[in-house]
Amino acid sequence: MIHYRADQMISASDFESSVGQAFTVNVGGRQLVLELNAVRSLSSSSRPGGGFSLLFTGPRDVSLQQATYRFVGNTIAEDIFIVPVSADATAMFYEAVFN
């Protein structure tokens, strides 16, 4: 499992092999599963290594607030700031931007 130190910078390539995989997020003692749907490059970013965004899908019956959550997947455990971006009849959609 990848754990980053404060002086390390996470990159898009750290997540690309995790598209389609589930991440567990602990929310108030409850385990919530979010699926990573896409990793998108942000070409206009001045971030070293390039900017990117992560798009996640979660269950419709729970809406996470804009905040930082601990995401634990098969190979990654990382604190990630997400923002709810939309919803449909079956799911909530969230985005994390690294810019």
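Scroll up to find the structure this text is about.
None of the values given here were measured: they were computed from a predicted structure. Every chain is numbered independently, its residues counted from 1 as its sequence is written. It should be noted that, the model being predicted, local features are given only for residues of pLDDT at least 70 and side-chain atom pairs only at 80 or more, the latter also being counted only at that level, while totals for whole chains, interfaces and linings use all residues. Side-chain numbers come from the whole structure's heavy atoms, not from hydrogens or water.

**Quick word on the overall build of the protein chain**
Thinking step 1. Only runs of H or I of at least four residues qualify as helices and only runs of E of at least two qualify as strands under DSSP, and these elements are numbered from the N terminus. On a plain count of helices and strands, the protein chain comes out with 1 helix and 6 strands.
Thinking step 2. Ordered by position from N to C terminus, the α and β elements of the protein chain give α-β-β-β-β-β-β.
Thinking step 3. For a compact globule the rule gives 2.2 Å times the number of residues to the power 0.38, and the radius of gyration it is set against comes from C-alpha atoms. For the protein chain, whose C-alpha radius of gyration is 13 Å, the value lies close to the compact-globule estimate of 13 Å for 99 residues.
Thinking step 4. With respect to the principal axes defined by its C-alpha atoms, the protein chain has extents near 35 × 25 × 25 Å.
Thinking step 5. Partly exposed residues are those whose accessible area sits between 20% and 50% of the maximum for their type, while under 20% is buried and over 50% is exposed, using a 1.4 Å probe and protein chains only. Within the protein chain, buried positions represent 36% of all 99 residues.
Thinking step 6. When checking whether two residues touch, look at their non-hydrogen atoms; a contact exists if any pair is within 4.5 Å. By sequence separation, contacts in the protein chain at least 24 residues apart represent 51% of the contacts at least 6 residues apart.
Thinking step 7. Element-wise, carbon and sulfur atoms account for 48% of the exposed surface of the protein chain, whose accessible area totals about 5700 Å². Computed with the Shrake-Rupley method and a 1.4 Å probe, the accessible areas treat only the protein chains shown as cover for residues.

**Focus on the sheet that holds strand β4 (residues 67–72)**
Thinking step 1. At least two DSSP bridges between two strands are required for those strands to pair. With respect to topology, 6 strands assemble into a closed barrel ordered β1-β2-β3-β6-β5-β4, the strand pairing being antiparallel. Each strand of the sheet is rotated relative to its neighbour by a mean of 45 degrees, with strand direction disregarded. Simply put, an axis is a line fit to the C-alpha atoms, just over the touching stretch for a helix, and the angle between two N-to-C directions goes from 0 to 180 degrees.

**Some details on the environment of Ile 10**
Thinking step 1. Tracing the backbone through its elements, the reader meets Ile 10 in the segment before α1 (13–16).
Thinking step 2. Separated by 15 residues in the primary sequence, Ile 10 and Val 25 place their C-alpha atoms 18 Å from one another.

**Let's talk about the nonpolar core**
Thinking step 1. To form a nonpolar core, buried Ala, Val, Leu, Ile, Met, Phe, Trp, Tyr and Cys residues must be joined to one another through side-chain atoms within 4.5 Å. Ranked by size, the top nonpolar core spans 22 residues in total, and within it Phe 15, Leu 34, Leu 54, Phe 71 and Ile 82 carry the most contacts.
Thinking step 2. Of all elements in the fold, only β1 (22–27), β2 (30–42), β3 (51–59), β4, β5 (77–87) and β6 (91–98) reach the threshold of two or more residues within this core.
Thinking step 3. A total of 4 residues in this core trace back to one element, the largest contributor, which is β6.
Thinking step 4. The contact partners of Leu 34, leaving out residues within four places of it in the chain, are Gln 21, Ala 22, Phe 23, Val 25, Phe 56, Thr 57, Gly 58, Pro 59, Leu 64, Phe 71, Ile 82 and Tyr 94.

**As for the pairing of β1**
Thinking step 1. One ladder, built from 6 bridges, connects β1 with β2; its direction is antiparallel. Bridge pairing in β2 places Val 27 opposite Arg 30.
Thinking step 2. Turn length for the β1-β2 hairpin, with the two strands adjacent in sequence and antiparallel, is 2 residues, and the turn residue Gly 28 shows positive phi of about 60 degrees.
Thinking step 3. Pairing geometry for β1 and β4, over 2 bridges, is antiparallel. When the bridges of β4 are listed, Val 25 appears paired with Phe 71.

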